[in-house]
Amino acid sequence: MSNVPATSALPRRDQIRKEAARLFAARGFLGVGVDEIGKAVGISGPGLYRHFAGKDAMLADLLVGISERLLEEGRRRAGAATRDGRTGTEDALDALDALISGHVDFAMDDRDLITLHDRELLHLKEEDRRRVRRLQRGYLELWVDVVREAFPSLAGPAEEPVARAAVHAVFGLLNSTPHSLGPNVPQGEWAGLPRDSMARLLHSLAQGAFAAAARSAGTSEAA
């Protein structure tokens with residue numbers, strides 16, 4: 001799910017996507033012209049129209065595309081965690097671990113897209129915005145279902161709002177990572193930590209948040 005590969009190694013359309021995301025994230029959708037994106041990939045502004053109908057189409061491609069990728073990859077990871085001869089809880093815990101790993105990778109390697117989603121979703125056409133929201137709901141529900149299966153104390157109908165709130169909180173934690181670094185930190189730098197160390201820290205924090213939600217629900221049941 002990463003957008004890390006060097007621009008020159010990517011196909012032209014992917015080069016345009018990468019540079020458009022970088023420029024939109026740095027200066028805002030309205031602050032970037034087609035000519036600037038073309039210059040960043042070494043073609044004329046009008047040459048971009050062979051690949052995209054315009055800036056609106058680029059933004060839609062980026063935001064719809066990452067929403068599709070998150071949902072598809074999440075489903076793949078969760079499905080791959082299922083193994084014969086194990087309990088549903090064991091499978092669900094592995095599925096949750098896989099979902100967290102995938103979202104940590106996204107948060108660390110696609111920070112431009114996180115910034116775009118936070119700031120530029122309103123610039124999408126209504127049809128594209130609805131599509132993004134629909135995909136996001138599917139991704140959220142995937143996580144909620146896995147969390148409730150992984151933690152029996154969250155499985156009951158009364159605890160569903162707790163599981164949902166915990167998923168939203170973890171998304172907020174992971175998605176805030178790019179913003180906490182400041183606007184001028186190069187890709188691959190993580191507040192003095194190596195990437196693997198930062199990934200492990202984020203993973204542990206996410207796991208801890210879900211465990212805390214499960215303990216909270218269990219305490220409420222006992223009371």
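Here the structure is shown first, and the text comes after it.
Residues numbered from 1 in each chain as written. Predicted model: local features only at pLDDT ≥ 70, side-chain atom pairs only at ≥ 80, totals over all residues. Heavy atoms only, no water.

Caption draft 1: Looking closely at the overall build of the protein chain. Helix and strand counts for the protein chain come out as 9 helices and 0 strands. Listing every helix and strand of the protein chain by position from the N terminus yields α-α-α-α-α-α-α-α-α. Looking at the 223 residues of the protein chain, the share that counts as buried comes to 44%. Contacts in the protein chain between residues far apart in sequence, at least 24 positions, make up 71% of those at least 6 positions apart. Of the roughly 11200 Å² that the protein chain leaves accessible, carbon and sulfur atoms contribute 53%. (Helix = DSSP H or I, 4+ residues; strand = E, 2+ residues; numbered from the N terminus. Buried < 20%, exposed > 50% of the residue type's maximum accessible area, 1.4 Å probe, protein only. Contact = heavy atoms within 4.5 Å. Areas by Shrake-Rupley, 256 points an atom, 1.4 Å probe, with all protein chains shown as cover.)

Caption draft 2: Spatial organisation of the pattern of salt bridges. Taken as a whole, this structure holds 17 salt bridges when the rule is applied. The salt bridge involving Arg131 is made with Glu68; its shortest N-O contact spans 2.4 Å. Of the two residues, Arg131 is situated in helix α6 (residues 126–150) and Glu68 in helix α3 (residues 55–80); the sequence distance between them amounts to 63 residues. Given the relative accessible area of 34%, Arg131 is considered partly exposed. Residue Arg195 is joined to Asp105 by a salt bridge in which the shortest nitrogen-to-oxygen separation is 3.3 Å. Separated by 90 residues along the polypeptide, Arg195 in helix α9 (residues 195–222) and Asp105 in helix α4 (residues 88–109) bring together distant segments of the chain. You can call Asp105 partly exposed: its relative accessible area is 27%. (Salt bridge = Lys/Arg side-chain N within 4 Å of Asp/Glu carboxyl O.)

Caption draft 3: Representation of a nonpolar patch on the surface. A contiguous nonpolar surface patch, about 240 Å² in accessible area, is contributed by Leu193, Leu201 and Leu205. Looking at the element boundaries, Leu193 is found in the loop between α8 (177–180) and α9. (Patch = residues over 30% accessible without salt bridge, like charges linked within 9 Å, V, L, I, M, F, W, Y side chains within 5 Å.)

Caption draft 4: Spatial organisation of the packing of aromatic side chains. Counting across every chain of the model gives 5 aromatic pairs. For the ring pair Phe24 and Phe29, a centre distance of 5.2 Å and an interplane angle of 65° mean the geometry is edge-to-face. For the pair formed by Phe24 and Phe29, the shared burial category is buried. When the ring of Trp143 is compared with that of Phe171, the centres are 5.1 Å apart and the planes differ by 75°; the resulting orientation is edge-to-face. (Phe/Tyr/Trp six-rings, centres within 6.5 Å; stacked < 30°, edge-to-face > 60°.)

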